[in-house]
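Summary of the model geometry
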Amino acid sequence: MRKNIQKLFLAGFLILCCCQVWAQTQVSGIVKSLENDEALPGVNVVILGTTRGTVTDVDGKFNLALENGENTLVFSYVGFQTETIEVNGRSVIDVNLVPDIGSLAEVVVIGYGESKAKELTSAITTIKSDDILQTPNGQAMQALQGKVAGVQIVSNGAPGASPTVRVRGIGSFEGNAAPLYVVDGMFVDNIDFLSPNDIATMSVLKDASAAAIYGVRAANGVILIETKAGSYDQKGEITYDGYYGMQNPQNVIQMANAEQFVRYVNETGAPADIAFVANAMQRFGRSRVNPNVPDVNTDWYDEVMEPASIQNHSLTFTGGNEKTRYSIGGSYFDQQGLMKETRNEYKRLNFRVKMDAAVTDWLTVGGSINISASRQYVGENATWFQSYFAVPIIPVYDDQNVDASPFNLANAQQIGYRGRQNPFYSLLYNDNRNDIGKVLGNFYLDIDIIPNRLSFKTAYNYSLEGRNARNVDFAFNDGVTDIVSAIRRENITSYDQVWDNYLTYNNSFGSHNLTVVGGYSFRSEFNELLFVRGTEISPNPERDMEELWFLSRALNIDITDVGDANNNTLNSQLYFQSYFGRVAYNYDGRYLLYGTFRRDGNNKFQKKWGNFATVGVGWVLTEESFFDVDLIDFFKFRAGWGQMGNDGIRPAVGAPTIEESETAIDDVLVAGRVLRPTFDLIEQWETTNEMNFGITARFFNNQLHMEADYYIRDTENLAVSIIPPVFRDTERRSIGEIRNTGFELMLDWNGKLSKDLSYSIGGNVATLKNEVRNLGGANGLLAGSAEFRQISLIGEPYQAFFGYEVAGVFQNEAEINNSGYTNEFIADNSLVPGDFFFKDQNGDGVVDDQDRVVLGSFFPDLTYGFNIGVSYKNIDFTANFQGQTGHSILNRKRGEIIFTNDTNIDADLANNLWRGEGTSNQYPSAAGLRKGWNQNMSDYFVESGSYFRIQNVRLSYLLEQNELFGATMPDVRVTLTAERPLTLFDYNGFNPEVANGIDRQVYPIPAIYTVGLNVKF
């Protein structure tokens, strides 16, 4: 009976058809930490005098059968004191282990090995599975937002899109600033293929002494990812974990409605635009509320957006015996997009197997494979741009547009405007699909040559990825123009492999403790690209006839959009060889010495070999006999220096060239030769040198944990584009230098008020100063467009916004005459009240290029996060908060009026335009918006990006040890989660998270509300 009930319950939740139930007399219980009453997974529980035992599950539970005469259990766990307990006939034994804080024996994953936390001299932060799974998102890195000091996560709301990740700023002008990800030993550029459910830990190696052992790939930081594994001597466990929820658009920009827009148009005094409004009233009628306004009032953002679902389901099988352990799992993730009337979604399937086996006492083998298959429909991003500018006086559909097909969409051109101004043309007539498949595999042998002293490990890792992109443009008529159909296909295949071989030696000589690692690594990367575009598909593609969407049906091939290379970065085979070593020494747990060395060879650059070394030292003050402070339980000083590389730049080996040319002399065509003296020369990687100084401490009976770091990170040999004297062509050289400095602080407090009530409070804060130090003799390097200048200026941040400083708005003629401008300058620029008053920085009576200043940077000066948690019996509540300040955003949407002035404006601008003396000192007049003077790049376009957010609120309840019809039911945890329910900011945009600081068409970041269920059998 019990077995049948168990099977029925499992089938209801997991759609399985069998399970196994065990029922026997045994000892069971829960193992928790005495420090914070949290359950401890992975605790070894062994019957004294035998080799039999088990380990606790993720909830700290254990179950163990004792034979006659067996009465003593030994509980051991890294970071805690070993506990020996007599059973004495009891069937339930709950254990509270005492943290071994004095030794900080918790093991931390580092490059090519592990280290006890107490012995670290580096800045490393580890995030565990429970923290990762709090965030309902398909991208695991999103879970780190606000949780790791010095790591900036910039969210992306598009389905399947990865967030932007920066570790301690940006150290490259043109290279990829993303960190290196190492997944079970394999190098990857991102982890968008991984299911968060498959990750056990993510360790962020922030400083050079931790990351430099990865050499030429480590300059932007390294994130080590360990996938979940089973446990030895663990009975089989089945876990279902899933959630379903809704994504709601938030902080939607309020655009000018029809009445506000018509008022603005009339105030511009532009005859053409006033006529367009009259044409709209003639075509669509007059409003019965205000007869001077067309009878149309379209809220375009409301028309193109709607709430969307998000869900994830995973099933995991784990277990093991004395010699073997396994973890097998699968998951399905589905995120729908916010766009209406188009395919905008991301779906991913993951399958994973990881096994380890102790074949003999001296040989352990293991392997893993992770298979990911995803399909992403990318909504046309121009929709957001068009929704901002579309005038509100045309509808979505216009029955009078009878020539339009296949849908009678409204077209603003038919009432006089230059563009269609209807985002539904982008929604309905595009279909963009990406199919991505990835296989990540690992196989290793670990040979114990001298037991507990010398071991050898060889590990082979491979990654195979295929990306197939298909972009379809449907044929349509907008009532004015026929648009032909087109299909573009792009295939990218990547195959990477890493083979690591290394020896590890551990020994202790009295108070001397030594670990030495030495090894060799081979890595290869192969990428292949092919793309082609065809037009005039026959028959024309239709959404319900996808089986006909093939290039072979194209009547024309666009020869300008056919190729198999991408600036020589694809269709290449790269090889890397490396020799590496690590030495870790400590004396009596007090004095720590750490060093690594890596020699990297490659065929990517002319410079074939590079050396990367580090050194770290530490002093555990609390281990000194003279140090005895009651409130301080542990205190360690640490410092490190190291050198790392960044090979994520495009190599170039050039020389001056002589080209054949012809020119007309006296109306005669004469052949000749022309010297091209400029050329690119990038012969090596970029190099980063970093110093880090830190403190690790615990106070107040180990309730307060502190980590503090200060770093100076200098990157040299930056690839930059310069313009040499005399010659006006640009050329690339390895001459730049940039510095990132900052302070990071992390504090965590854990307390217990009673047996059933515990709490935690934590927070982190990080500063960042980004500074350009050298540009090969130049004082500055311009970037951005001519209308919206950015500059990398010596002593200022990389690509800072650059323009005029607005001192206010001229309220009357007297203010113009007293501005300090010369009369000639005032007359030349036709300045009138309602125009901007730009600050004359040098006081010469004119405003020109010499008066441009740095207006802000997209780097935040300060990032922070904090959290609270409360646990009462089976109820857990957590809340996470995060924010950043000191950074700026270029509101590029408002600047589009420079190019197209017959479009809508946002409601804040429409309501607060200058309309006479004293009405506004922030915005110009309506007519002034269209005036070249006011369209100069200035801090009118640059806004504060500071924000505060409630990042995550989570409430869960655990149902455990319940019985139904006499059968023990599995543990069930029900969870309610709110992700990003509230964001506070002043910026005039959807959200203040813009990766490069330029907001032109950013996908909205939604709030997410989910209901989750976790079931363990």
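Reading the values: the criteria
Each chain carries its own residue numbering, running from 1 in the written order of its sequence. Local features in a predicted model are, by the rule used here, given only for residues with pLDDT of at least 70; side-chain atom pairs are given and counted only at 80 or more, and totals for whole chains, interfaces and linings are based on all residues. The side-chain values count all of the structure's non-hydrogen atoms but skip hydrogen atoms and water molecules. UniProt positions are given in the numbering used here, feature names are shortened, and annotations may be inferred rather than shown by experiment. We count a stretch as a helix when DSSP gives it H or I for four or more residues in a row; a strand needs E for two or more, and each element gets its number in order from the N terminus. Note on method: radius of gyration uses C-alpha positions; expected globular size equals 2.2 Å times residues raised to 0.38. The cut-offs for exposure are 20% and 50% of the maximum accessible area for each residue type, with area from a 1.4 Å probe on protein chains only; residues under the lower value are buried, those over the upper are exposed, and the others partly exposed. By the convention used here, residues are in contact when the closest approach between their heavy atoms is within 4.5 Å. The accessible surface values rely on the Shrake-Rupley method and a 1.4 Å probe; as for residues, cover is taken only from the protein chains in view. A domain assignment, automatic or from a database, supplies the domain bounds used here. Regarding the arc, it is the one traced by the directions from the helix axis to the C-beta atoms. Any pair of N or O atoms that falls within 3.5 Å is considered a polar contact. Within protein, one atom must be able to donate a hydrogen and the other to accept it, and sequence-neighbouring residues count only if both atoms are side-chain atoms. Only residues whose relative accessible area exceeds 30% and that form no salt bridge are eligible for patches; like-charged ones are grouped when within 9 Å, while nonpolar side chains (Val, Leu, Ile, Met, Phe, Trp, Tyr) are grouped when within 5 Å. Between Lys or Arg on one side and Asp or Glu on the other, a salt bridge is scored when a side-chain nitrogen of the former is within 4 Å of a carboxyl oxygen of the latter.

Under the annotation held in an unreviewed UniProt entry, the protein chain carries the name TonB-dependent receptor and is attributed to Agaribacillus aureus. Entered under Subcellular location (unreviewed entry) in the UniProt record, the comment concerning the protein chain runs "Cell outer membrane".

The next thing to look at is the overall build of the protein chain. The secondary structure content of the protein chain amounts to 13 helices and 57 strands. In terms of C-alpha radius of gyration, the protein chain reaches 32 Å, essentially the compact-globule figure of 31 Å for 1017 residues. Across the 1017 residues of the protein chain, 53% fall into the buried class. Nonlocal contacts in the protein chain, meaning residues at least 24 apart in sequence, comprise 70% of its contacts between residues at least 6 apart. Carbon and sulfur atoms form 52% of the exposed surface of the protein chain, whose accessible area is close to 43400 Å².

This part covers the domain arrangement of the protein chain. Split by domain assignment, the protein chain resolves into domain 1 (22-100), domain 2 (104-237), domain 3 (241-428) and domain 4 (454-580). One C-alpha centre belongs to domain 1, the other to domain 2, and the line joining them spans 31 Å.

All of the buried residues in helix α4 (residues 258-268) are Ala258, Phe261, Val262, Tyr264, Val265 and Thr268. One side of α4 holds all its buried residues, which, seen down the axis, span an arc of 160°. In the core, the buried residues of α4 are packed alongside α5 (271-284) and α13 (926-929). The backbone nitrogen of Glu259 lies 3.2 Å from a side-chain oxygen of the residue at the head of α4, namely Asn257. A positive phi of about 75° marks Gly269, the residue just after α4.

What follows is about the side chain of Thr227. By the element assignment, Thr227 lies in strand β16 (residues 222-227). In contact with Thr227, other than residues within four places in its own chain, are Val183, Asp184, Asp198, Ile199, Ala200, Arg352 and Lys354.

On the surface, Ile761, Ile868, Val870, Tyr872, Ile875, Phe877, Leu955, Tyr957, Leu959, Val974, Leu976 and Val1011 cluster together into a nonpolar patch covering about 960 Å² of accessible area. If you list the elements that add at least two residues to the nonpolar patch, you get β48 (862-872), β49 (875-885), β52 (947-959) and β55 (971-985). Mapping Tyr957 onto the fold places it in strand β52. Given the relative accessible area of 40%, Tyr957 is considered partly exposed.

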